[in-house]
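# Architecture and fold: a report
Below are the chains, spelled out letter by letter.
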Amino acid sequence: MLPTRTLGTTGPRVSALGLGCMGMSALYGAADRAESIATVHAALDAGVTLLDTGDFYGMGHNELLINEALRTAPAAARERALTSVKFGALRTVEGGFGGVDGRPAAIRNFLAYSLQRLGTDHVDIYRLARLDPDVPVEETVGALAELVEAGHIRHIGLSEVGADTLRRAAAVAPIADLQIEYSLISRGIEEKILPTARELGIGITAYGVLSRGLISGHFARDRELAPGDFRGASPRFQGANLDRNLDLVDRLRAVAEAKGVTVAQTAIAWVLAQGPRHGADIVPLVGARTRERLTEALGAVDVPLDAADLAAIEAAVPAGAAAGARYAEGQMALLDSER
Ligand SMILES: NC(=O)c1ccc[n+]([C@@H]2O[C@H](COP(=O)([O-])OP(=O)(O)OC[C@H]3O[C@@H](n4cnc5c(N)ncnc54)[C@H](OP(=O)(O)O)[C@@H]3O)[C@@H](O)[C@H]2O)c1
């Protein structure tokens, strides 16, 4: 079984790797439903206890998929599973994004629908996907604290917020974890956000640890992306930026091969190794959509990295080496964490 880690000082104990289910419903091109469910089952069977989703991933599609996967899983695995759900990102009929809503009344409405779609009576960690610029974080967190009190959610999380917002939120109620992008090529949190989370006893669930497949070792220069694939508009996947970033992957591959492991395992193991280094647990969310990718990702927990390994990895992919921002301009503007 997988080792476990605790999310902050007040959060739950979860598997050292969580399964991010987004790509099973949205943003990375078509996914196979039966294989997605088999992947969730395989993850639970291997000891993954944390399933991450958002109500806006395929406009409810992802929650319904998780519902089906949990309903058809063995009872013991279902009982161990913890759900982490994001809300607040508004969608349009055309499939676009239409802003953020963190108002208390909207939160209660979002949760009512999520519980129905998930087929559960509570969510384990519930979080606003992006800070709503029109609603003070104290109001949003205050409403979430009432939902904890009522037993509808167990813990409060945050997503992509900066250090000041973390501090304001934590003054209202205990925050279990901050979900934020963190990888070998997205290291922005190290300067201020990570030390603040650590000081406040807030755990980190890291997403994009493979930079959406870019540093997985499986992304080819000539890969055709389906319309609507996030990567089609991501600066890191464009033209010369992509070339530069895949050169970094080649350098990482040399380090991985010398250790007899894969590129993806090295990138995930690097994030796992940052927890103890920063004195706080970090739980990477892996976005596997197939059992094959899942098996590879889970193998990362058996890749111990010593100081020489970490130095070799950082020499291959130095901080700040990636070309291109992690989101396109309009989406960057929504990130409190980048202010
Ligand atoms: N809070 C937020 O703002 C936010 C934002 C984004 C995501 N998330 C959460 O974080 C989760 C993970 O994010 P992500 O999907 O961007 O992360 P990721 O793990 O960086 O990228 C996942 C992609 O990498 C590719 N890949 C290649 N080898 C892999 C392997 N061995 N294991 C897993 N994936 C491999 C997969 O593409 P192929 O399937 O094509 O091989 C997959 O679609 C999401 O599912 C979601 O729950 C949160």
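Residues numbered from 1 in each chain as written. Predicted model: local features only at pLDDT ≥ 70, side-chain atom pairs only at ≥ 80, totals over all residues.

If you look the chain up in an unreviewed UniProt entry, it shows as Oxidoreductase from Streptomyces laurentii.

Turning to the packing of helix H6 (residues 163–170) against helix H7 (residues 193–200), a few remarks are in order. Viewed as axis vectors pointing N to C, H6 and H7 meet at an angle of 15°, and their least axial separation amounts to 9 Å. Relative to H7, H6 is oriented roughly parallel. When the axes of H6 and H7 are compared, the crossing they make is right-handed. Contacts between H6 and H7 involve Ala163, Leu166, Arg167 and Ala170 from the former and Ile193, Thr196, Ala197 and Leu200 from the latter. Considering only residue class, the contact of H6 with H7 consists of 6 nonpolar, 1 polar and 1 charged. (Axes fitted to C-alpha atoms, helices over the stretch in contact; angles between N-to-C directions. Helix = DSSP H or I, 4+ residues; strand = E, 2+ residues; numbered from the N terminus. Parallel < 35°, antiparallel > 145°, perpendicular 65-115°, else oblique. Left-handed = near helix turned anticlockwise from the far one by under 90°. Contact = placed C-beta atoms within 7 Å. Nonpolar A, V, L, I, M, F, W, Y, C, P; charged D, E, K, R; others polar.)

Right, let's talk about the site of the ligand for a bit. The local shell around the ligand holds 28 residues, among which Gly20, Tyr207, Gly213, Ser216 and Gly287 are the closest. At 3 residues, the largest contribution of residues to the shell around the ligand is made by helix H10 (residues 291–298). Its residues assigned to classes, the shell around the ligand comprises 11 nonpolar, 10 polar and 7 charged. (Near = placed C-beta within 6 Å.)

What follows deals with the environment of Asp101. Within the fold, Asp101 resides in the loop between strand S7 (97–100) and helix H4 (104–118). For Asp101, a count of 21 C-beta atoms within 10 Å gives the class buried. Along the primary structure Asp101 and Asp134 are separated by 33 residues, whereas in three dimensions their C-alpha atoms are 8.4 Å apart. Sequence-distant contacts of Asp101, that is, excluding residues within four places in its chain, are made with Gly88, Leu90, Ala106 and Asp132. (Buried ≥ 20, exposed ≤ 12 C-beta atoms within 10 Å, placed from the backbone.)

What follows is about the UniProt feature "domain: NADP-dependent oxidoreductase" (unreviewed entry) in the chain. Per the UniProt record, the feature "domain: NADP-dependent oxidoreductase" (unreviewed entry) sits at residues 17–316. Secondary structure content for residues 17–316 is 43% helix and 16% strand, while the C-alpha to C-alpha distance between its ends is 24 Å. (UniProt positions renumbered as here; feature names shortened; annotations may be inferred.)

The strand order around the closed barrel formed by 8 strands is S3-S4-S5-S8-S9-S10-S11-S12, and the pairing between neighbours is parallel. Across this sheet, the average inter-strand angle for adjacent strands is 30°, counted without regard to direction. With 4 bridges joining them, strand S5 (residues 82–87) and strand S8 (residues 123–128) adopt parallel strand pairing. If you follow Ser84 over to S8, its bridge partner there is Ile125. Lying on the sheet, helix H9 (residues 263–277) is in contact with strand S11 (203–207) and strand S12 (282–286); it crosses S12 at an angle near 160°. (Pairing = 2+ DSSP bridges.)

With 98 residues, the main nonpolar core has Ala206, Leu252, Ala267 and Ile268 as its most contacted residues. At 9 residues, the largest contribution of residues to this core is made by H9. Residues contacting Ala206, with those up to four places away along its chain left out, are Ile180, Tyr182, Val271, Ile282, Val283, Pro284 and Leu285. (Core = buried A, V, L, I, M, F, W, Y, C linked by C-beta atoms within 7 Å.)

Turning our eyes to something else, we now look at unusual backbone geometry. Residue Leu27 is not a glycine yet carries a positive backbone phi of 75°. For Leu27, the location among the structural elements is in the loop between strand S3 (18–20) and helix H1 (33–46). Despite not being glycine, Ser211 shows a phi value in the positive range, around 50°. You can see Ser211 is positioned in the loop between S11 and helix H8 (239–259). Residue classification places Ser211 among the buried positions, given that 24 C-beta atoms sit within 10 Å.

Here the focus is H10. Given 3.6 residues per helical turn, the α-helix brings residues three or four places apart onto the same face. Every buried residue belonging to H10 is among Leu294, Glu296, Ala297 and Leu298, and all of these are buried. Those residues of H10 that are buried are in contact with H1, H9 and S12.

Now for the packing of H8 against helix H11 (residues 307–316). Where H8 meets H11, the closest approach of the two axes is 8 Å, and the angle between their N-to-C directions is 155°. Taken as axis vectors, H8 and H11 run roughly antiparallel relative to one another. Taken as a pair, H8 and H11 cross one another with a handedness that is right-handed. Across the interface between the two elements, Arg251, Leu252, Ala254, Val255 and Lys259 of H8 pack against Asp309, Ala312, Ile313 and Ala316 of H11.

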